[in-house]
Structures are given as structure tokens and as C-alpha cells.
Amino acid sequence: MKPFTYERATSPADAAAKAASIPGARFIAGGTNLLDLMKLQIETPAHLIDVNGLGLDKIEETPDGGLRIGALVRNTDLAADIRVRRHYGVLSRALVAGASGQLRNVATTAGNLLQRTRCPYFYDPNQPCNKRQPGSGCSAIGGISRQLGVVGTSEACIATHPSDMAVAMRVLDAMVETVRPGGATRAIPIADLHRLPGDTPHVETTLEQGELITAVTLPKPVGGVQLYHKVRDRASYAFALVSVAAIVQPGGTNGIAWGRVALGGVAPKPWRVEAAEAHMKQGAKAVTAGLLADARPTADNRFKIKLAERTLAAVLTEARG
Amino acid sequence: MKFDTPAATNPIDQLKVVGKATDRIDGPLKTTGTAPYAYERHDVVANQAYGFIVGSAIAKGRISRMDVAAAKAAPGVIAVVTAENAGTLGKGKWNTAVLLGGPEIQHYHQAVALVVAETFEQARDAASLIRVDYQAEAGAYDLAAARDGAAVAKGEPDSTVGDFTGAYAAAPVQLDATYTTPDQGHAMMEPHATIAAWNGDKLTLWTANQMINWGVKDVSQTLNIPVENIRLISPYIGGGFGGKLFVRSDALMAALGAKVAGRPVKVALTRPLMFNNTTHRPATIQRIRIGATREGRITAIGHESWSGDLPGGKPETAVQQTRLLYAGANRLTAMRLAVLDLPEGNAMRAPGEAPGLMALEIAMDEMAEKLGMDPIQFRILNDTQEDPEKPGRPYSQRQLAECLRQGAERFGWAKRNPKPASMREGRWLVGMGVAAGFRNNLVTKSAARVRLDGQGMVTVETDMTDIGTGTYTIIAQTAAETMGVPLDKVAVRLGDSSFPVSCGSGGQWGANNSTAGVYAACMKLRQAVARKLGFNAAEPQFADGHVSSGGHTMPLAQAAKDGELVAEDLIEYGDLDKKYQQSTFAGHFVEVVVDSATGEIRLRRMLAVCAAGRILNPKSARSQVIGAMTMGAGAALMEELAVDKRRGFFVNHDLAGYEVPVHADIPHQEVVFLDEVDPISSPMKAKGVGELGICGVGAAVANAVYNAIGVRVRDYPITLDKVLDHLPEMT
Ligand SMILES: Cc1cc2nc3c(=O)[nH]c(=O)nc-3n(C[C@H](O)[C@H](O)[C@H](O)COP(=O)(O)OP(=O)(O)OC[C@H]3O[C@@H](n4cnc5c(N)ncnc54)[C@H](O)[C@@H]3O)c2cc1C
Ligand code: SF4
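Residues numbered from 1 in each chain as written. Chains lettered and ligands numbered in written order. Predicted model: local features only at pLDDT ≥ 70, side-chain atom pairs only at ≥ 80, totals over all residues. Heavy atoms only, no water.

Draft legend 1. Quick peek at the domain arrangement of chain B. Residue and element names in this part refer to chain B. For chain B, the assigned domains read domain 1 (2-33 + 443-576), domain 2 (49-138 + 189-278) and domain 3 (374-441 + 582-726). One C-alpha centre belongs to domain 2, the other to domain 3; they are set 37 Å apart. Between domain 2 and domain 3, a total of about 800 Å² is buried, with carbon and sulfur atoms accounting for 74% of that surface. The three residues of domain 2 that bury the most area against domain 3 are Tyr 108, Phe 275 and Asn 276, which together make up 58% of that side's buried surface. There are 0 salt bridges connecting domain 2 and domain 3. Remark: the boundary between domain 2 and domain 3 carries 2 residue pairs in polar contact (both at pLDDT 80 or more). Looking at the side of domain 2 that touches domain 3, its residues break down into 5 nonpolar, 2 polar and 1 charged. (Domains from an automatic or database assignment. Buried area = accessible area lost by both parts, 1.4 Å probe. Salt bridge = Lys/Arg side-chain N within 4 Å of Asp/Glu carboxyl O. Polar contact = N/O pair within 3.5 Å; in protein donor to acceptor, adjacent residues only side chain to side chain. Nonpolar A, V, L, I, M, F, W, Y, C, P; charged D, E, K, R; others polar.)

Draft legend 2. Region of interest: the site of ligand 2. Ligand 2 sits among 13 residues. The nearest are Cys119(A), Cys129(A), Cys138(A), Cys157(A) and Ile158(A). Partitioned by chemical class, the residues of the shell around ligand 2 number 10 nonpolar, 2 polar and 1 charged. (Near = heavy atom within 4 Å.)

Draft legend 3. Geometry of the site of ligand 1. Residue and element names in this part refer to chain A. If you check the shell around ligand 1, you find 33 residues, and the closest are Arg 26, Phe 27, Gly 31, Thr 32 and Thr 108. In this structure, an oxygen atom belonging to ligand 1 sits 2.6 Å away from a main-chain N or O atom of Phe 27. The backbone of Leu 34 places a nitrogen or oxygen atom 2.8 Å from an oxygen atom of ligand 1. Of all the elements in the fold, those that place two or more residues in the shell around ligand 1 are β2 (25-28), α2 (34-39), α7 (109-113) and β8 (212-218). Considered class by class, the residues forming the shell around ligand 1 number 16 nonpolar, 11 polar and 6 charged. Here the shell around ligand 1 spans two domains, since at least three of its residues come from each of domain 1 (5-52) and domain 2 (225-319). (Helix = DSSP H or I, 4+ residues; strand = E, 2+ residues; numbered from the N terminus.)

Draft legend 4. Seen up close, the pairing of strand β7 (residues 185-189) of chain A. Residues and elements named next belong to chain A. Where strand β6 (residues 175-179) lies against β7, 5 bridges are found, and the strand directions are antiparallel. Looking at the pairing, Glu 177 lines up with Ala 187 of β7. Between β6 and β7, which pair antiparallel one after the other, the connecting turn spans 5 residues, and Gly 183 there sits at a positive phi close to 105°. (Pairing = 2+ DSSP bridges.)

Draft legend 5. Fine view of the pattern of salt bridges. For the structure shown, the criterion picks out 68 salt bridges over all chains. The salt bridge partner of Arg393(B) is Asp387(B), with a shortest N-O separation of 2.8 Å. Accessibility expressed as a relative area gives 13% for Arg393(B), which makes it buried. Asp387(B) gets classed as buried once you look at its relative accessible area, which sits at 2%. Through salt bridges that share partners, Arg170(A), Asp173(A), Arg260(A), Arg272(A), Glu274(A) and Glu277(A) make up one connected network. (Buried < 20%, exposed > 50% of the residue type's maximum accessible area, 1.4 Å probe, protein only.)

Draft legend 6. Fine view of the UniProt feature "domain: FAD-binding PCMH-type" (unreviewed entry) in chain A. The sites that carry the UniProt feature "domain: FAD-binding PCMH-type" (unreviewed entry) are, in the present numbering, residues 1-223 of chain A. Secondary structure across residues 1-223 of chain A comprises 26% helix and 16% strand; the distance between its end C-alpha atoms is 46 Å. (UniProt positions renumbered as here; feature names shortened; annotations may be inferred.)

Draft legend 7. Seen up close, the sheet that holds strand β20 (residues 458-461) of chain B. All names here are of chain B. Spatially, β1-β25-β19-β20-β21 is the arrangement adopted by the 5 strands of the open sheet, whose pairing is mixed. Unpaired on one side and paired on the other, β1 (2-3) and β21 (490-493) mark the two borders of the sheet. Pairing of strand β19 (residues 446-452) with β20, which is carried by 4 bridges, proceeds in the antiparallel orientation. Within β20, the residue paired with Arg 449 across the bridge is Glu 461. The strands touched by helix α12 (residues 471-483) within the sheet are β20 and β21, with β21 carrying the most contacts at an inclination of about 140°. Running over the sheet, helix α13 (residues 510-533) touches β19, β20 and β25 (565-573) and is turned about 140° from β25. (Contact = heavy atoms within 4.5 Å. Axes fitted to C-alpha atoms, helices over the stretch in contact; angles between N-to-C directions.)

Draft legend 8. Summary view of the interface of chain A and chain B. In this complex, chain A contributes 38 residues to the contact, which on the side of chain B involves 41 residues. Area buried by chain A at its contact with chain B is led by Asp233(A), Arg234(A) and Arg310(A), which between them contribute 22% of it. Notably, a salt bridge pairs Asp125(B) with Lys2(A), separated by 2.9 Å at the nearest N-O pair. Summed over the shared surface of chain A and chain B, the result is 23 residue pairs in polar contact (both at pLDDT 80 or more). Going through the elements one at a time, β9 (225-231) and α11 (303-320) of chain A are the ones with two or more residues in the side of chain A that touches chain B. At 7 residues, α11(A) tops the list of elements feeding residues into the side of chain A that touches chain B.

Draft legend 9. Region of the structure containing unusual backbone geometry. Residues and elements named next belong to chain B. Residue Pro 103 is reached from Gly 102 by a cis peptide bond, and omega for that bond is -5°. With respect to the secondary-structure elements, Pro 103 resides in the loop between β4 (77-82) and β5 (104-105). Unlike most non-glycine residues, Leu 15 shows phi in positive territory, near 50°. Assignment of secondary structure puts Leu 15 in the loop between β1 and α1 (27-31). On the basis of relative accessible area, Leu 15 is assigned to the partly exposed category, the value being 32%.

Draft legend 10. Region of interest: the UniProt feature "domain: Aldehyde oxidase/xanthine dehydrogenase a/b hammerhead" (unreviewed entry) in chain B. In this structure's numbering, the residues bearing the UniProt feature "domain: Aldehyde oxidase/xanthine dehydrogenase a/b hammerhead" (unreviewed entry) are residues 32-138 of chain B. Regarding residues 32-138 of chain B, the helix share stands at 12% and the strand share at 33%, and the terminal C-alpha atoms are separated by 50 Å.

Draft legend 11. How the structure looks around the pairing of strand β14 (residues 284-292) of chain B. Residue and element names in this part refer to chain B. Buried residues dominate β14, accounting for 8 of its 9 residues. Sheet topology note: the strand β9 (residues 173-181)/β14 ladder contains 9 bridges and is antiparallel. Within β14, the residue paired with Asp 176 across the bridge is Arg 289. In this antiparallel pair of consecutive strands, β14 and strand β15 (residues 298-309), the connection spans 5 residues, and Gly 296 shows a positive phi of 100°.

Below you can see the structure in the form of C-alpha cells.
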């Protein structure tokens, strides 16, 4: 860990302004990801701006019947919120499938969205890694890649985004609200928050330097059966090999009136292809074919394609009831 | 005390304290967080500085240049130790690679430097400022690729009985299958940690070490100082599983750091360093051939195993149990050792048997299926009461068949449908599996000192260790039983090299041998007590804090009224272990469910029926067995150190990447101990259970998975990607 200075921001705009003006500044929320990375010197911020205590920890209803989730709402509190459980079940389910009870008590909404990859080479500073050290190469390609991505990846990086929560938010069409260093605010569709790696895998989001996430808003409830199925090597406390977030409206010809689906564990961002959802009535095979049409798996993680298809099939069966 | 004839009735047989389910006497210290572990001994010596180890960034090659100037100049830094200023170092007998590398590098994360600073954070930060240039060399990292070049290991010749090749070729029913087990890490809770302090030329190490006496000798050999100048203190150890059998870099670097810094230094290995810096259970490739008559009698059994290690290392003795477990006139067992430049392979809980049975007990299941026999029946039919390699050499006790029969009864084995993939509950495919468990009982000398004071308090001192197994308690039980006092009249002091040399903790030999040593010392103390109290004639009775003989009774404490009585003795063994084969046995039963969509495998029930001599403390013995079953489940389903075959290291070197079971993975576990005493083993008539519990579990899981889905996975761990292609079609 490098020596760093620390301060508590006084307002969201203050936090953003400082983060943009102080060299090497970073926000710290729950710290469950950032501190681990600092200990390994994978993150080396010179200055930490604590964004706890800015009043960003509330869940409120929006005028149009949706929900506005403060950036600092803890994962545990979000999962337990009765409105979330009632109307956004997929989100509640995704949250409790992540990490452990202790971590969820501390982890925040914004921190969860911005957590970094779990690629093992990213975590070992001795190894080349384009994400950690741009231009050094990608050790995972040709190395151990069982956990890594199959779609949306690039020649430079095949890492996945490890969040469960974000996959559910993607299927819910969440918007990410921010305040920029100049004080202006904007709302980013969650689909546009995370970038694909291309040849700059170290640039992970479309946020600008100093831009602070203040909230995530969910549109008004869409109903449907909302499921999150996370597949992993052990029963708890493991990142997804593949996860499926789905909202399915039972009914119609094949038992499915309409549906939405996003995948976790397969790509550098929550993976959703809206066009593929038109095939929902034809079943999991057709949908997965659309979702993973451009997949370029490694020998180690090719199984994820079949696994995604079968997991979605199980989810659809469950949703039909 | 020499133990060379089977034990007759002795004070332990009273079973007033021994054999009773007893809470750990060190339990309150553990649950209140006050048991002093090595890194937390802030009070033992003043002015402790912090050391941080830098591990090699390459697996094989040389350091061409090292620049420590920036680290030395960093805030708070007191000293930097590298091979250049460490002086001439030897190598411990139990180490294969040296603990401080440079200029030659033998494996990834081999220690190359230690930074000592005022705070941990300063040491860690400065460590990152050390610049090391390496000249990497090509190494061998792939066991499968190195297999053909593997050689017979020193001291491990092939073992043949009869004509294996001929008998196998002639057998009407044959199995020839190859299995693999991966490299595994101990992944114990407490990392390797040491505080070192020099007083002149005398060195004290507060450390986490399972084998104090080995440790003293290896520190002596490494630092080139006499053993008299070394003291190791290790009263509490947060798990070891074999990972702490040997002195590791934390101890050496702390000692070197303290020397250079001129003040005490503490060092703990960070979790990401542990997997490559220390030892691991080596991967194996195992070929098993079994030939049998149509009635199911084994006529030929062959087991060959390939493993790798650094030059000068040892093979994983995965064929060990096959020499002993089943009958069969024609036998072949062989091991081949390849040179690999991965980190050092060494003992991990039940070395040999744990991976060996993972293969052998699948093979037995496969063979039973070929024969159309029930796998329990097949095992019982080939049971033996003598060493199959040395007919006429009996087992001291062997209740394997009884373990399997009782287990079958309790588990409801009869409800298993032997046809694979035929039991289904909704989304889940259900399977049951069985395997035999087997682990030898090793006898080795062990000493203790016992003191009696004027309050009637008995204090035991031995350099024996308690690695979380419950040693404190069984030693207290032994002393209480022998001296005829209640448990709270016994104090136990362990893990200090100034105490008599014990057997240490390893190979599941700790419980039987260390308590037998304590028993020997107590019997000597009884003589001293009797003499002191003037009971010279008949053998006096020791009970309820009193000593009585010929109608006279006196308080035990009376014997120490003029001063403490002290007795020291050791247990040493004759040749009963040559005359008899001494082993422990289990029947492991497992029920799994497999998600028919995703292939996720989850355990539903586990049962172990164990026959392991007298169970000294059923409560801690059960804890040992359920812990070992959990580890066996991990080996079966998830544990694998993933080798980067290009760069030669274990990639998943933290607890997020190296998955071990969590609570949600482990279902109801039942443990049954058969009523058994083994007078051939020791005066305690006990054996070990700490490793038996893992032996066979992996195969029981594998066999249950096969029963559930009809897919025979022969490469551990059995992860869902290996079964996915064979699951039922989905609609
Ligand atoms: C052992 C372990 C297991 C885990 N398992 C899972 C799992 O199974 N599934 C899963 O989804 N997650 C898992 N996680 C990850 C966990 O969910 C994240 O660590 C957590 O959500 C991060 O939240 P935080 O508030 O602690 O973030 P921090 O660590 O505080 O911050 C993370 C990043 O977000 C930035 N940041 C924080 N707040 C803001 C803001 N308001 N605006 C802009 N930037 C901000 C920080 O600068 C930092 O870069 C696991 C973590 C651990 C340690
Ligand atoms: S996959 Fe990405 S994170 Fe992993 S080593 Fe390659 S560049 Fe680094």
C-alpha cells in the first residue's frame, strides 16, 4: 500500500470537484474492493475521498413510479428493501447471490458497479496484464482462463466484470446518475456505463475523471417473474461461472409472453442483447444463440456457452411455472 | 518405557476420563480470541519490527541485478536482507528448495528479500521498491509432459508380488484406467508466521510449527548455529495440514531480519505468497489395473503413480495403500518421479493415501460395476486380515468389512439404485457412493515431563503441538486418568523446544504417540509418588486425587509437600509394527445431487464409519473426522492449484481463486466410531483419526456422481464443465 492522504467530502459536487483536481484522487465507499487492490498495489491512489456520509444512502420512489437507489446504499439494505423484493425481485436475488453477508453489509451500490475484474493475473503484479499495466500483454490468453470472458472480449483482454448486482440492473434498464466535476449531473443508461476492452482494457467505464455516481434509478416496475440463477463451483461465496438474470412474463404460445435476459460471468460487462429477446418464445437455444453469437471462448471456458444456454433453459422452465 | 509386547490391562483402561467426550480445555482461549498465536505475541519481547517478504517473480533462472537502495531509503526501513548479505546459509533436511533464493531461483515466489521496517505498512511499501532483474530460464511445469522422463525415486523401489503381468492378462474381468489428481494447497487459516529475537548468539523463534524438534534441527542446519542456541515456541497453531511440518521462509527470514536489524522481527507470509512460496500436495497421474475372476476375486492388482517435484524432492506416495488394502496374489505398485520446477511438493493431510484412494476407490467402483457386483460386496470379498504383500503378517486390527456393513445399514445403501442416472427428484439427479478409507498408524517415540506440586496439580510438559486438533485435551485426559485426578487438576504446556521431545503433529501419529509418552512419564511419576509416600509393597491405586495401597489412603498432593516431584520418560517402540500391520479403516458414504441443467454437484449427506483403535476423546475425534471429510469434499469437487504451464506457477494463489468448501457446501455429516481397542498399537490402545477422515472421501463423492448421472470423471476436481456434455437433453 502506498502512503495516501484522506478526506471526507462535504457534498457530492465537492467530492467530484476534488476528485478531478487532486492528482491521483479516488473515491472510497465500502472499500471492500479498493482496499484489497491497494494492499497489492494494483490501485495506488495518492488521495482518498470518502463519499460515505453525503446522504447518498437512501432508497426513494421516483415520481414516475420507479425507485432511486442512493450510490451508498449497502448491498444488504438494497436486497432487503421491501419495494425491491416486491417489484424488482431479480435485483434482490442477484444481490444475495453475491459475496458474503459480511461483505454485503459494507459493499455499496456504486462500489459494486465499479468493482474491478477477478482475473487472477490482474491480481498478480508480477504478471503482464494490459488492464493493470497497459501494453504489457495479456497473461490470461493462452494461460488459465476458465473463469474469464467468452464474449465482448478483445485481443488485449478477456476479463469479465464480476458483479451480480449489475447484471440484474441491466435487465431492469437501470440508469446511473452522476455528478460531474463541474457540478453538472447526467444520467447514463447502465448499458453504456461499462466499456468493452478493445485495445484499452484499463479504461473500464464511460465516467470521466472525478465523476461521482450519486444514484441508480430503476424505471417503474415491469412485472413478470424475476429470477437470478448463478452457477458456480461452490455453493456460496464464489464468483459466477455464468449467471442469468431474467424477467419473464408467462403466458402466450410457448408459455412465455415476453422476456428479458442478461448474462453475468461471460463478458466485460453485464451482457444483454435486446434483439435476442425476440426469440424468447423459441426457447433458450435461440436466445443464447443471439446473445453469444459473437462469442470467442478459450479452450478453458468454451463450456460457458453451453452452460449459459442450459441455465437459461432452467430459468425459463422455472418462470413458466 | 519400552513398548514391545501388546498392552495388558493398565490405568488407561479405567476410562474415567479417557474415552469420554470432553470439551477442549483450550476452548475458552480460542473462543475468546486470547490463545496467543505466533504473530500476535506482542508481549514476549519488546521492540518488535515488521518484516515483509518479496517473492521471486519468475519460476526458474537467476537474479541478474537487484537494487534495494530505494527500499533502504524508504520511510521507517531498518534493514533489507537478501542472499547477498544473509551470510552463508545451509539447507534444512526437510526442505527441498532453499528458503532464501538468489542468485539462483528455484521456484516462483521463492523468497528473495526481506524488508524490515518500523511498521508493517512501511515494510510492505518499501518491499515494492525493490527492483529485481531476472534472467529467466526454461523450466518443466507440466506433469503430463514430463511423465515419460520420470524416474524411480530414491528409496522408493517398485514392489512386486507374484506375476502381475501374467495374472492380469489371464484375468477374465479387467480394468485398466488412468486417473489424475491436481496440485492442492493446505490453505489453513493461520498463515506461516514467526517472531524472531536474538540474545547474543541465542535465537528464539515464536512460530507456527507442527514439529518442534525437526524445526530446531533445520534452523540449526540452515543458520549454521548449534541446536542448543535455538528455542522454538509454538503453543498454538491455526491449522497446518502438513504445511507447517517444516521450517519455512517466515522463520528463516525473521531470524535473518532480526540479526541484521539488531532487534526482534516478526514476519507472516501474506496469503497470496503462501501457495507458491511454501509446499503443496503434488499432482498425480495414476494408472490402475485390476484383474479378477468372474466371481469377483482379485487376482491381479497394479497401481502406478507419476508425480513431480523439484530436483532432490520426493514422490507423492499415492500407491501406498494399494500395497495393503485388498487381497490378490499378483501385485505391482510403482512410483515415478519427474523433475518439475513448480514450488516444492510435500506432505498434506494423509500424503499418499488421500490422492491414492481418490483413484483406487474409483477403480474399485468401476470394477464392481464390470463384475455386476455391489461395490460393498466386492470390497468385502477382497478383504484380508493379513498384509497381502507379506502373507503371515497379520493386521493388529482390521474392521474394514464391519465399517462398510454398518455404514451401509445406517446410510440406507439398500435404497440406492445401482443403475446410474435412475434416481431423480425434480431438477436434481441423485446418487449414492461408497469408498473404503485407509490410513496407516505410525508409531514413533515421544517424551514428556510431568510435575506434581503441593496442591496436587499435575503439569505436563512436552514439545508436542496442538494444531487445532485437540491435543491439549487428550494429553490432559491421559494425565488425569493415569494420576487419578480430575481434568481441572491437570495443566498442559506444549510446543516449546525446552520441553522433552515428542512425536510432533503429523501423519495422524500425534494423538497415540504423544499420549503414550505422557502415560509413560505419568507411570514414572506414580513410582516417585509411591516411594515418597512410603507405599513400597503392592502396586498402589491412584484415584480421586488420592493414592491407596494395603488399606492406607493418602492425598496425592502429600507426595509433593516437601517440593515438586518431577518425572520424565518417553515411549519407545519395539518391533510390533514390523510383526503386525497397523492401520485405521473407514467406510465413507456420500449422497450427492447433480443439477440436471447446470451440472452443479452438491452434497446431501455424508457418513463415515471409522475403526481406529480407542477413541481418546470422541468429541475432538469427531471434529477431526468431519473436518477431514470436508477437505475430502473439497478435493473431490473444487480444490485445484491451477498451473500456468508457461510461467510455472500456481495462478489462483489466494482464497478467492483457490476454492475450498464453505458452509453451504457441507451437508449433514455423521461419524461413527466402532468400538475398538488396539493393544498392539501402544499402552493407549489408540490409533489416529485425523487423516483417516479424508482418505476415501473424494472417491465416494466421485462414485456418487457416477451413480447420479452415469458419467465417470477420472480427473479431479469433478467440476461441472466435466459433466455438462453428458447431462440429459433439455426441452
Ligand atoms: C471475497 C469477495 C467475494 C466477492 N464476491 C462477489 C460476488 O460473488 N459477486 C459480486 O457481485 N461481488 C462480489 N464481491 C465484490 C463486492 O461486491 C465489491 O467488493 C463491492 O460491491 C464493492 O463495493 P464497495 O462499496 O466496497 O466499493 P469500494 O471498494 O469502496 O470501491 C470500488 C470502486 O468504486 C469506486 N467508487 C465507489 N463509490 C463510488 C461512487 N459513488 N462514484 C464513483 N466511483 C465510486 C471506488 O473509487 C473504487 O474504484 C466480492 C468481494 C470480495 C472481497
Ligand atoms: S484478461 Fe485482462 S485482466 Fe486478465 S491478464 Fe488479460 S489483460 Fe489482464
